[in-house]
Amino acid sequence: MDHFDYRDGELWCEGVALSAIAKAVGTPVYVYSSATLERHFNVFQDAFKGLGVGEPLVAYAVKANSNLSVLSTLAAQGAGADTVSEGEVRRALAAGIPPSRIVFSGVGKTAAELAFAVQTGVCEINVESEPELDLLAEVAARLGKRQAIAIRVNPDVSAGGHAKIATGKSENKFGVSFAEALRLYAKAESLPSIHAAGVACHIGSQITDLTPMREAFAKMRGLVENLRQHGHRVERLDLGGGLGVPYFNQPTPPAPDAFAAMVAEVTQGLDVQLAFEPGRMIAANAGVLISEVIHVHERPEGRRFLVLDAGMNDLIRPAMYDAYHAISPLKEPTGDASLVTYDVVGPVCETGDTFTRDRDLPPLGSGDLVAFLSAGAYGAAMSSEYNSRPLVPEVLVKGDDYAVIRPRPSYDEMLAREPMAPWLKA
Ligand SMILES: *Cc1c(COP(=O)(O)O)cnc(C)c1O
């Protein structure tokens, strides 16, 4: 459920008409709903209440949508943060997420990033390889600290979904094998600057089938039991993120409570604290990208292009992951308007700048506004200024109020970021 709906013939976000935001801020623009962010986080957190030792840690995956106001909205609900760079750790801290709820993941953390995380006192660093364990041990020892870690395991399951977001097969770069995990865990326990707290996995993203997750989690349970048989203490089991959301023409994902019921079954009686790293599931449906139609270009050969002012630099998912977003006109379509088939494209000079082909939409023309739905995750966070298009702005709605939470840079600001090499100055 989200808080975007038609009212009086127009698409609204909570108590604000999206056309009002488009008018005030210009297009393209991302708009997020506070109530939807809060609701998704709480639905997820509530689904796992009482499971495992203590309360589960729900560490929102910052990379899905890392805007400070979004993070701060979630922090106020008690969210932790799953981070993959020093920049993300800094964002989480700036948004008021305490280090005791920050997890630091990622395949290639530098010594400087590890030192920053250790000094910050993050609650868990997910170690993805032996060289990383060695480096972290050295860094923590130098700082006179003992850092809690989880060993990230690659459970070697296929999670379905797009190959570019599958992370849980042994050919992917993420994590270590089960055999390696046993050896590294023992090694970690022997290192005085390391506290081996648990094990972690994350098998992919936009997963819409519980079967591969169940398979992976059962293997993780086996690993915890195996580690304990070898005399190791295992306090935490981090099951990652990856739960899918409904996108246009895509399989319907399981609801969070069905996911939680599966987790409860697989982890029953296992004496560990559970941790989760949901990103997309929290942020995707809480955001839309609003764009204006520049014109409709009909080619004599028959294709009809709906040319928008949003491009692949603003929303790269269709180009990168063959993803599809539902597209809704901001003016509510009247029931009797017959649909028109469009190829929906952006202005960027790449054939890949195509949001979808052969989409049936109500008739649209120059100046009309449309919204890409479910664009709150991996949307603005992956945007760029390719083609020297100023970075897309972001707006957060709360009730009847809204605020620009990342302004669109002016052209002057955009150019001022690049000091001319002194020998080129006139
Ligand atoms: C990307 C990522 C997540 C979040 O994935 P979603 O599909 O957005 O839930 C969680 N954990 C790790 C380690 C990740 O890399």
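Calculation rules
- Residues numbered from 1 in each chain as written.
- Predicted model: local features only at pLDDT ≥ 70, side-chain atom pairs only at ≥ 80, totals over all residues.
- Heavy atoms only, no water.
- Pairing = 2+ DSSP bridges.
- Helix = DSSP H or I, 4+ residues; strand = E, 2+ residues; numbered from the N terminus.
- 1 Å grid on protein atoms, 1.4 Å probe; cavity = no way out; pocket = protein on both sides within 12 Å on 5 of 7 lines; lining within 4 Å.
- Points joined across faces, edges and corners; volume = space filled by probe spheres on them.
- Nonpolar A, V, L, I, M, F, W, Y, C, P; charged D, E, K, R; others polar.
- Polar contact = N/O pair within 3.5 Å; in protein donor to acceptor, adjacent residues only side chain to side chain.
- Contact = heavy atoms within 4.5 Å.
- Domains from an automatic or database assignment.
- Buried area = accessible area lost by both parts, 1.4 Å probe.
- Salt bridge = Lys/Arg side-chain N within 4 Å of Asp/Glu carboxyl O.
- Core = buried A, V, L, I, M, F, W, Y, C linked by side-chain atoms within 4.5 Å.
- Buried < 20%, exposed > 50% of the residue type's maximum accessible area, 1.4 Å probe, protein only.
- Near = heavy atom within 4 Å.
- Sits in = over half its atoms within 2 Å of the grid points.

Draft legend 1. Quick look at the sheet that holds strand β2 (residues 10-13). Read across the open sheet, the three strands follow the order β1-β2-β3; overall the sheet is antiparallel. Among the strands making up the open sheet, the edge pair consists of β1 (4-7) and β3 (16-17).

Draft legend 2. Broad picture of empty space enclosed by the protein. For the coordinates displayed, the defined rule picks out one cavity of 30 Å³ or more. Roughly 40 Å³ of internal volume is contained in the largest cavity. Of the residues assigned to the lining of the largest cavity, the class counts are six nonpolar, four polar and no charged.

Draft legend 3. Region of the structure containing the side chain of Gln 273. Structurally, Gln 273 can be placed in strand β12 (residues 273-276). Side-chain polar atoms of Gln 273 contact the backbone oxygen of Glu 55, separated by 2.9 Å. With residues up to four places along the chain from it excluded, the contact list for Gln 273 reads Val 53, Glu 55, Pro 56, Leu 57, Glu 235, Arg 236 and Leu 237.

Draft legend 4. Representation of the domain arrangement of the chain. On domain assignment, one finds that the chain holds domain 1 (4-32 + 284-416) and domain 2 (34-281). Relative placement of domain 1 and domain 2: their C-alpha centres are 32 Å apart. Every contact between the two is made by 25 residues of domain 1 and, on the other side, 23 residues of domain 2. Summing both sides of the interface, domain 1 and domain 2 together bury roughly 2100 Å²; the carbon and sulfur share of this comes to 54%. Summed over the shared surface of domain 1 and domain 2, the number is one salt bridge. Seen at the junction of domain 1 and domain 2, the total is nine residue pairs in polar contact (both at pLDDT 80 or more). For the side of domain 1 that touches domain 2, the secondary-structure elements that each account for two or more residues are α11 (317-321), β19 (394-398) and β20 (401-406). Per element, the largest residue contribution to the side of domain 1 that touches domain 2 is four residues, and it comes from β19.

Draft legend 5. Representation of the nonpolar core within the structure. Ile 125, Ile 151, Phe 217, Phe 259 and Val 263 are the most contacted members of the largest nonpolar core, which totals 103 residues. Here this core takes eight residues from helix α8 (residues 210-229), the largest share from any one element. Leave out the neighbours within four places in its chain, and Val 263 touches Phe 48, Leu 51, Phe 217, Leu 239, Leu 274 and Phe 276. Counting 16 residues, the second largest nonpolar core, distinct from the first, contains Val 29, Leu 369, Val 395 and Val 397.

Draft legend 6. Looking closely at the site of the ligand. The local shell around the ligand holds 14 residues, among which Lys 63, Ser 205, Glu 277, Arg 280 and Tyr 378 are the closest. A distance of 2.7 Å is found between an oxygen atom of the ligand and a backbone nitrogen or oxygen belonging to Arg 280. Spatially, the ligand is embedded in the largest pocket. Tallied by class, the residues present in the shell around the ligand amount to three nonpolar, six polar and five charged.

Draft legend 7. How the structure looks around the environment of Thr 73. Counting through the fold element by element, Thr 73 comes out in helix α3 (residues 68-75). For Thr 73, a relative accessible area of 11% puts it in the buried group. Placed 116 residues apart in sequence, Thr 73 and Glu 189 show a C-alpha to C-alpha distance of 37 Å. Apart from the residues within four sequence positions on either side, Thr 73 is in contact with Ser 34, Leu 37, Glu 38 and Leu 396.

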